[in-house]
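Take a look at the letters that make up each chain.
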Amino acid sequence: MKLETDCQVIFFTSSSGHCTFDCDYCIINPIAKHQPSLTFEDLKFLIDSFGVKAFFSFSGVGDFFVSYSRSQRLLSRLLEENVEIALDTNGAVLQDFPDLTQAQLEKIRYINLTMHYHQIKRKNLLQRWPEHARIFIDNRREQIYPDYILSPALRDEWPEALAYYAEQVFKPTGKPLLLVRDINQVFDPQAEARIAQLQRDFADILQPEAHQENFAAGFADRPQVLCPAGKGYFRVWNDGRIQGCPNLVDVPELLDCGNAKERRLEIRPQPFLCNSPRYCDCNVIDALGKMQLPKPPGFFQRLFNPG
């Protein structure tokens, strides 16, 4: 998905250090519980450090809404700034989302709403979760993307989960659901057959195909890119740490770019020439139209000496 933006700096931000759910398939191990969270002042420091329009992609360690009270108005206050945002949320809580003005809502470019049905049942949220889902859809319909993670360990629950979504969310809203394969598991022939059956039985409420994350696929024809990591793209963690890229462990200048809680930020003067674009961060940067191809050898010599 392309989310072209005129924002000049991107912060991939894990703002919350807590998640109320305990999904076995969570890619965060151990699951974040009662860790530090970023404050509005921490986020404001990031915005003010550049003084330009900023894009915040909130995802990662905990759930965005969980670590804040409605009275803190974290989302409302952030959307009063010169920003655009994207959100990942499990929908367990809404905080101040229902209070947003139309102008604030229009700054939300994307909301990934995941239905963790097993946890919804365990946490007694069977009534509350669809109410929240409908509020999200009613307020930002075209920017809401509901999904459900297919974990083989829960395969016996898959039909029940989809029937629940069909009745509680799709019926009143008409918003289809995307099936997402658990990237940490192997799907045997029986699981594949069950997925195919789900696609047939629930064709009216589902996106056409089950999705499987493959961040490297989008860069198959681009083995080398000019990345804004450390210059116009940063990973910001719930404890304040700022990194240009968390994946290139052999590039020290990208692993430590500062700390928001310490009000410290070091910005690289040039984009980074990367030979391994295949991670989640790469996909975010590319989706926002900020990943570039390196210039061919001799480009600048030919530019300034055309003869």
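As the structure is a prediction and not an experimental result, all values here were calculated from the model. (Residues numbered from 1 in each chain as written. Predicted model: local features only at pLDDT ≥ 70, side-chain atom pairs only at ≥ 80, totals over all residues. Heavy atoms only, no water.)

A.B. asks: So what exactly am I meant to see when it comes to the side chain of Ser 16 here?
C.D. replies: Mapping Ser 16 onto the fold places it in the loop between β1 (9–13) and α1 (40–50). A polar contact of 3.2 Å, which involves the side chain of Ser 16, links it to the backbone oxygen of His 18. Side-chain polar atoms of Ser 16 contact the side chain of Ser 67, separated by 2.6 Å. Not counting residues up to four positions away in its chain, the partners in contact with Ser 16 are Pro 36, Ser 37, Val 61, Gly 62, Asp 63, Phe 64, Ser 67, Tyr 68 and Asn 238. (Helix = DSSP H or I, 4+ residues; strand = E, 2+ residues; numbered from the N terminus. Polar contact = N/O pair within 3.5 Å; in protein donor to acceptor, adjacent residues only side chain to side chain. Contact = heavy atoms within 4.5 Å.)

A.B. asks: Can you help me understand the pairing of strand β5 (residues 144–150) in this one?
C.D. replies: Every regular strand shows the same layout, with side chains that alternate between the two sheet faces. β5 sits mainly inside the fold: six of its seven residues count as buried. Where strand β4 (residues 108–114) meets β5, four bridges bridge the pair, whose relative direction is parallel. By the bridge assignment for β5, Asn 112 is matched with Tyr 145. The pairing of β5 with strand β6 (residues 178–181) spans four bridges and is parallel. Paired with Asp 147 across the bridge in β6 is Leu 178. In this region the chain leaves β5, passes through helix α6 (residues 158–173) and returns to the parallel neighbour β6; the handedness of that crossover is right-handed. (Buried < 20%, exposed > 50% of the residue type's maximum accessible area, 1.4 Å probe, protein only. Pairing = 2+ DSSP bridges. Right-handed = clockwise from strand over helix to strand, strands pointing away.)

A.B. asks: I'm lost on the packing of helix α5 (residues 128–140) against α6 in this one. Help?
C.D. replies: Two packed helices can be described by the angle between their axes and the distance between those axes. One way to put it is that α5 packs onto α6 with a least axis distance of 10 Å and a crossing angle of 30°. Relative to α6, the element α5 is oriented roughly parallel. Like other packed secondary-structure pairs, α5 and α6 cross with a definite hand, here right-handed. Where α5 abuts α6, its residues Trp 129, Pro 130, Ala 133, Arg 134 and Ile 137 lie against Tyr 164, Tyr 165, Gln 168, Val 169, Pro 172 and Thr 173. (Axes fitted to C-alpha atoms, helices over the stretch in contact; angles between N-to-C directions. Parallel < 35°, antiparallel > 145°, perpendicular 65-115°, else oblique. Left-handed = near helix turned anticlockwise from the far one by under 90°.)

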